[in-house]
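# Structure assessment
Spelled out from the first residue to the last, the chains are:
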Amino acid sequence: MASVSQETPGISSTSARLKLYSFWRSSCAWRVRIALNLKGLPYEYKAVNLRQGEQFSEEFTKLNPIHFVPTLVDGDIIVADSLAILLYLEDKFPGHPLLPDDLQSKAISLQAAVLIGSNIQPLQNMGVLNLIQEKLGPKEHQAWPKHFIEKGFTALEKLLKDVAGKYSVGDKLTLADIFLVPQVYNARSYNVDMSKFPTLNRIDQALAELPEFQAAVPERQPDAKA
Ligand SMILES: N[C@@H](CCC(=O)N[C@@H](CS)C(=O)NCC(=O)O)C(=O)O
């Protein structure tokens, strides 16, 4: 597993104590990269090449026995799963909050994040798609994720259309935005027609303007195209 220090604009990475186990193309690790950038936290990027099976190595299995990225190491504390990591970062580094104070907005932000994290992404995870390809063939490998992304986005569009402002929930960035951007990228890669989801499409475009989101995109990671 290769290791590289990630600069956050204006902050030196030489003092980084956070280590993020990531893969450039992982939408779940991408969520954490955005949050680290928004909170201005430098971190060491530990590349885990999922295509070469490095998630099954002995070293990584000790950190996360279910063999998924992302995993965050903060000194003696190991946190696996993107939502758990984001909530950990929120508690430990409350500056630049990722959840609104208002209870209703907070509930909607969490609902949107969980809709993507539990009801879309797991159904199009690499391990699931590899198994589908093996059992059902390459056609289903494309059709399956598209079906579940469209189903999830139909619900998400309804959830956000009346509460969105500049971003998913009002005008402040929340967990909903952090989960949305990587999932829209995946949707495009499966040829989902985003014009069917105008609110999601518009928010995604607004978020693409932000440097903290730009720095987190797969193509800009040290292990890109690995
Ligand atoms: N619920 C977990 C899911 C993690 C997950 O599915 N990670 C994917 C990449 S996005 C992975 O490591 N896949 C490797 C595999 O399927 O072997 C999270 O949000 O962190």
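Residues numbered from 1 in each chain as written. Predicted model: local features only at pLDDT ≥ 70, side-chain atom pairs only at ≥ 80, totals over all residues. Heavy atoms only, no water.

### Thoughts on the site of the ligand
Every one of the 15 residues lining the ligand counts as a neighbour, but C28, Q55, V69, D81 and S82 are closest to it. Interatomic distance of 3.3 Å between a side-chain N/O atom of R31 and an oxygen atom of the ligand. One nitrogen or oxygen atom from the side chain of D81 is found 2.8 Å from a nitrogen atom belonging to the ligand. Coverage of the ligand by the protein chains reaches 89% of its 510 Å² of free accessible surface. Structurally, the ligand is housed in the largest pocket. Taken together, the elements giving at least two residues each to the shell around the ligand come down to α1 (27–38) and α5 (126–136). The element best represented in the shell around the ligand is α1, accounting for 3 residues. (Near = heavy atom within 4 Å. Polar contact = N/O pair within 3.5 Å; in protein donor to acceptor, adjacent residues only side chain to side chain. Areas by Shrake-Rupley, 256 points an atom, 1.4 Å probe, with all protein chains shown as cover. 1 Å grid on protein atoms, 1.4 Å probe; cavity = no way out; pocket = protein on both sides within 12 Å on 5 of 7 lines; lining within 4 Å. Sits in = over half its atoms within 2 Å of the grid points. Helix = DSSP H or I, 4+ residues; strand = E, 2+ residues; numbered from the N terminus.)

### Here we look at the layout of surface pockets
Put simply, the largest pocket is a space of about 870 Å³. If you trace the largest pocket, you find 38 residues lining it, with C28, Q121, Q124, N125 and M126 closest to the centre. Every element with two or more residues in the lining of the largest pocket is listed here: α1, α3 (82–92), α4 (103–119), α5 and α7 (175–189). With 5 residues, α5 is the single largest residue contributor to the lining of the largest pocket. Of the residues belonging to the lining of the largest pocket, the class tally is 18 nonpolar, 16 polar and 4 charged. Formed jointly, the lining of the largest pocket draws a minimum of three residues from each of two domains, domain 1 (3–96) and domain 2 (103–211). Of the pockets and cavities examined, the second largest pocket occupies roughly 180 Å³. (Points joined across faces, edges and corners; volume = space filled by probe spheres on them. Nonpolar A, V, L, I, M, F, W, Y, C, P; charged D, E, K, R; others polar. Domains from an automatic or database assignment.)

### Description of α1
Spanning 12 residues, α1 covers 17 Å between terminal C-alpha atoms, matching the ideal 16 Å at 1.5 Å per step. Listed as buried for α1 are S27, C28, A29, W30, R31, V32, R33, I34, A35, L36, N37 and L38. Buried residues along α1 sit against β2 (18–22), β3 (43–47), α3, α4, α7 and α9 (211–214). Capping of α1 at its N-terminal end is provided by S26; its side-chain oxygen lies 3.3 Å from the backbone amide nitrogen of C28. Of the residues trailing α1, G40 is marked for its positive phi of about 70°. (Expected span 1.5 Å × (residues − 1). Buried < 20%, exposed > 50% of the residue type's maximum accessible area, 1.4 Å probe, protein only. Contact = heavy atoms within 4.5 Å.)

### What about the packing of aromatic side chains?
Going through the model one piece at a time under the given rule, you end up with 5 aromatic pairs. Where F153 meets F197, the ring centres are 5.6 Å apart and the plane angle is 75°; that geometry is what we call edge-to-face. With F153 in helix α6 (residues 138–160) and F197 in the loop between α7 and α8 (198–207), this residue pair connects regions lying 44 residues apart in the sequence. There is no split in this pair, since F153 and F197 are both buried. (Phe/Tyr/Trp six-rings, centres within 6.5 Å; stacked < 30°, edge-to-face > 60°.)

### Regarding the packing of α6 against α8
For the pair α6 and α8, interaxial distance at closest approach is 8 Å and the crossing angle is 80°. The orientation of α6 relative to α8 falls into the category roughly perpendicular. Contacts between α6 and α8 involve F153, L156, E157 and L160 from the first element and P198, T199, L200 and I203 from the second. (Axes fitted to C-alpha atoms, helices over the stretch in contact; angles between N-to-C directions. Parallel < 35°, antiparallel > 145°, perpendicular 65-115°, else oblique.)

### Here's the deal with the pairing of β3
Judged by how many residues are buried, β3 sits mostly within the fold: 4 of 5 residues are covered. Looking at chain direction, β2 and β3 are connected through 5 bridges and run parallel. Counterpart to Y21 in the pairing with β3 is K46. Traced from β2 through α1 to β3, the parallel crossover comes out right-handed. (Pairing = 2+ DSSP bridges. Right-handed = clockwise from strand over helix to strand, strands pointing away.)

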